[in-house]
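# Descriptive structure summary
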Amino acid sequence: MEFESLNSVADQCTNLGFGVGLRTDHYNDFMNASPDVDWLEALTENYLGTGGRPRQVLRQLAQRYPIVLHGVSLSIGGTSPLDKNYLRLLKELAEEVQARWISDHLCWTGYAHHNLHDLLPMPFTEASLSHIKDRVDQTQNFLGRAILLENPSSYASFTFDSIAEAQFLREIALSTGCGILLDVNNVYVSTVNHGLDAHTYIDTLPADAVGQYHLAGHSERDGYLLDSHIGPVPEPVWDLYRYTLAKLGTRSTLLEWDDEIPELTVLLEENAKAKAMLPAMTAGRGVSGELHV
Amino acid sequence: MKFEDAQKWMHAAIVAQEAPDEVHQYLKSTDGACAHRRLGVYRDMYRVRMSESLQMDYGLLLQVVGEEEFDRLSERYLEVYPSTSYTLNDLGRHFASYLGSQKDLPPYLEAIARFEFALVRSFDATDPRPADWTELSTLPLEDLCERTLRPLPSFIGEKFSYRLDNLYEAYLQDKLEPGTLPDEGECAVLFFRENFRVYHMPVDDLSWELFQGLQHKRNFGEALDPVLPKAKDPTAQQNLLGTFQQWVGRSLLAHPEIG
């Protein structure tokens with residue numbers, strides 16, 4: 001299937017506004033009331049192949065909120081064959097909850113069918129670029145829709161890398177028609193960890209391909225930043241978000257908070273901060289407007 | 001260098017007991033952190049993630065053996081059974097059998113792990129439509145006996161040589177004293193899910209035999225026939241049938257097929 005015939009990023013990624021990641025800690029908040037959240041992002045793997053409460057909750061919430069599926073195990077950069085069973089379950093789930101779009105990460109997660117359950121850094125070479133393009137094509141053809149790939153945080157890079165990560169992501173998007181889930185915190189973390197410039201990273205990305213933003217907190221460690229998804233969004237990440245809005249425009253934005261998860265109201269306060277940045281940065285573009293990539 | 005070779009190397013370097021020496025050939029160093037330190041981030045995260053994942057499913061086992069021993073057991077286990085699934089929910093699938101196969105470990109560790117994994121299995125099971133007692137109760141007995149009434153996938157039975165139900169209750173209520181070990185004693189336990197919560201209940205020998213019969217025999221009649229005569233008086237027989245009725249009433253059996 002040519003990517004022109006797929007359900008494209010532009011078709012799927014309308015601006016949904018400000019969402020939060022759906023976590024078990026907040027199931028009751030969402031089931032017992034209807035908190036003022038524009039949309040929900042569900043971690044794909046928590047809902048695949050399970051008949052327990054999580055799937056039931058997601059099914060019910062899908063009646064009330066737009067749902068986006070965000071995965072961590074596609075291993076688009078891996079060398080083991082793509083897991084067709086995983087893709088089949090993903091497709092079924094996406095149909096069941098009417099997922100607006102599906103995203104995963106620009107990474108590999110293991111070797112020889114062993115899954116380390118981590119977002120491991122890609123070697124950035126012409127060969128790996130070609131490899132990933134092929135696998136994105138396979139994935140999109142299987143799912144019948146364009147997917148979004150997120151830039152992960154990274155702590156290591158390879159001595160033989162020949163392409164910058166942002167350029168690598170750009171070429172995948174332009175070649176395959178896939179979208180980019182731009183994690184602003186991850187850009188900040190990775191560029192600090194590798195001594196690179198975050199603005200140059202943002203400037204390199206093709207605006208039309210960017211379908212969603214992530215915001216999150218990180219932690220300072222001895223000699224590096226850790227993408228811990230803990231605590232409120234740090235000021236340098238807000239600064240980079242402002243820059244991103246000005247450069248690329250508004251997109252559906254999601255706050256991730258996965259460690260020491262607070263009351264839902266705290267997440268909503270963070271979302272309110274993000275919302276407050278919009279009028280000044282993107283004059284005339286409403287949060288719930290029709291703007292999309 | 002081929003990117004595939006770099007991935008193979010990095011994978012091995014993360015899971016290895018000791019970090020390899022040749023890190024500089026593969027990973028860049030910067031002023032902020034050397035290549036070894038950078039690899040160490042991934043090595044540390046791998047161990048923490050795997051251990052935390054197992055700890056979530058095996059909370060009682062963790063309390064019984066302590067964190068240090070639990071981490072040691074996790075690491076040994078993962079060397080034999082690394083994750084091959086897209087989900088960490090499956091990580092502990094072989095933990096009980098692995099612990100049971102280790103001659104240097106006390107046998108109650110296998111039992112505790114099997115008990116806790118039954119809870120996980122019940123929580124995650126995908127169930128078909130359950131049997132409806134209002135439908136079944138209208139059937140003449142001989143028709144009912146022809147029906148195949150399998151326990152739902154979330155309705156699980158396990159037999160133990162330790163009284164784990166008591167131990168688990170103490171753990172849930174945060175009343176488990178350090179160093180507490182399970183009492184020896186045969187114990188059959190049924191695990192089931194109701195309103196998305198998982199419960200466990202010890203059952204007597206007759207109920208256990210009936211449960212096994214429902215799982216393996218052709219139909220309800222064949223499951224019941226060998227068990228009912230063992231009930232020593234009419235009250236015991238009524239109790240057994242009452243147990244069966246409870247299982248159906250609580251939607252723990254699958255919608256019947258004609259056996």
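The numbers attached to residues start from 1 for each chain and follow its sequence in the written order. Following the order in which they are written, the chains are lettered starting with A and the ligands numbered starting with 1. Only residues with pLDDT of at least 70 get local features here, since the model is predicted, and only at 80 or more are side-chain atom pairs given and counted; chain-wide, interface and lining totals rely on the full set of residues.

## Brief notes about the overall build of chain B
Going along the chain from the N terminus, every DSSP run of H or I of four or more residues is numbered as a helix, and every run of E of two or more is numbered as a strand. In terms of helices and strands, chain B carries 13 helices and 5 strands. Only C-alpha atoms enter the radius of gyration, while the globule expectation follows 2.2 Å times N to the 0.38, with N the number of residues. For 259 residues, the compact-globule estimate of 2.2 N^0.38 gives 18 Å, and chain B exceeds it by more than 25% at 24 Å. Summarising its shape, the C-alpha atoms of chain B cover approximately 80 × 40 × 30 Å along the three principal directions. The burial label depends on the number of other C-beta atoms within 10 Å of a residue's C-beta. Counts of 20 or more mean buried, 12 or fewer mean exposed, and intermediate counts mean partly exposed, with C-beta atoms placed from the backbone. Here chain B holds 259 residues, and the buried ones make up 34% of them.

## Some points on the sheet that holds strand 3 (residues 184–194) of chain B
Residue and element names in this part refer to chain B. One requirement defines pairing of two strands: DSSP has to find at least two bridges between them. One open sheet accounts for 3 strands, arranged 2-3-4; its pairing is antiparallel. On the outer flanks of this sheet lie strand 2 (156–162) and strand 4 (197–203), each paired with one strand and no other. Along the sheet, successive strands turn relative to each other by an average axial angle of 30°, direction set aside. As judged from the 7 bridges shared by strand 3 and strand 4, these two strands associate in the antiparallel manner. Opposite Phe191, over in strand 4, you have His200 as the bridge partner. What counts as a contact is two residues whose backbone-derived C-beta atoms lie within 7 Å of each other. Axes, fitted as lines to C-alpha atoms, cover a helix only where it is in contact. Angles between the N-to-C directions of the axes lie from 0 to 180 degrees. Lying over the sheet, helix 7 (residues 107–124) contacts strand 2, strand 3 and strand 4, oriented at roughly 165° with respect to strand 2.

## Details of the interface of chain B and chain A
Taken together, the contacts link 38 residues of chain B with 36 residues of chain A. Looking at the side of chain B that touches chain A, the elements that each hand over two or more residues are helix 1 (3–15), helix 2 (23–26), helix 3 (35–57) and helix 7 of chain B.

## Describing helix 7 of chain B
Any helix carries an expected span of 1.5 Å times its number of residues minus one. The end-to-end C-alpha distance of helix 7 of chain B is 26 Å, a good match for the 26 Å that 18 residues give at a rise of 1.5 Å each. With 14 of its 18 residues buried, helix 7 of chain B lies for the most part within the structure.

## Let's talk about the sheet that holds strand 1 (residues 18–21) of chain A
All names here are of chain A. If you walk around this closed barrel you meet the 8 strands as 1-2-3-4-7-8-9-12, and the pairing is parallel. Across this sheet, the average inter-strand angle for adjacent strands is 30°, counted without regard to direction. Bridge count for strand 8 (residues 179–183) against strand 9 (residues 210–216) is 4 bridges, and the pairing is parallel. Bridge pairing in strand 9 places Leu182 opposite Tyr213. Running over the sheet, helix 7 (residues 184–194) touches strand 8 and strand 9 and is turned about 70° from strand 9.

## Focus: the packing of helix 3 of chain B against helix 5 (residues 67–80) of chain B
Residues and elements named next belong to chain B. Taken N-terminus to C-terminus, the directions of helix 3 and helix 5 make an angle of 110°; their axes are 10 Å apart at the nearest point. With respect to helix 5, the element helix 3 is oriented roughly perpendicular. Between helix 3 and helix 5, the residues in contact are Met50, Ser51, Leu54 and Gln55 and Phe70, Asp71, Ser74 and Leu78, respectively. Looking at the contact of helix 3 with helix 5, its residues break down into 4 nonpolar, 3 polar and 1 charged. By definition in this entry, angles of less than 35 degrees are roughly parallel, angles greater than 145 are roughly antiparallel, angles of 65 to 115 are roughly perpendicular, and the rest are oblique. For this classification, the nonpolar set comprises Ala, Val, Leu, Ile, Met, Phe, Trp, Tyr, Cys and Pro, the charged set comprises Asp, Glu, Lys and Arg, and every other residue, Gly included, is treated as polar.

## Remarks on the nonpolar core
The biggest cluster of nonpolar side chains holds 95 residues, and the ones touching the most others in it are Ile67, Leu149, Leu169, Ile180, Val184 and Leu215 of chain A. In this view, Leu169 of chain A contacts Leu106, Leu149, Asn151, Ile180 and Leu205 of chain A; residues no more than four positions away in its chain are not counted. In this structure, Tyr77, Leu164, Leu210 and Trp247 of chain B belong to the second largest nonpolar core, which totals 54 residues. Among buried residues, those of type Ala, Val, Leu, Ile, Met, Phe, Trp, Tyr and Cys that are joined through C-beta atoms within 7 Å form a set called a nonpolar core.

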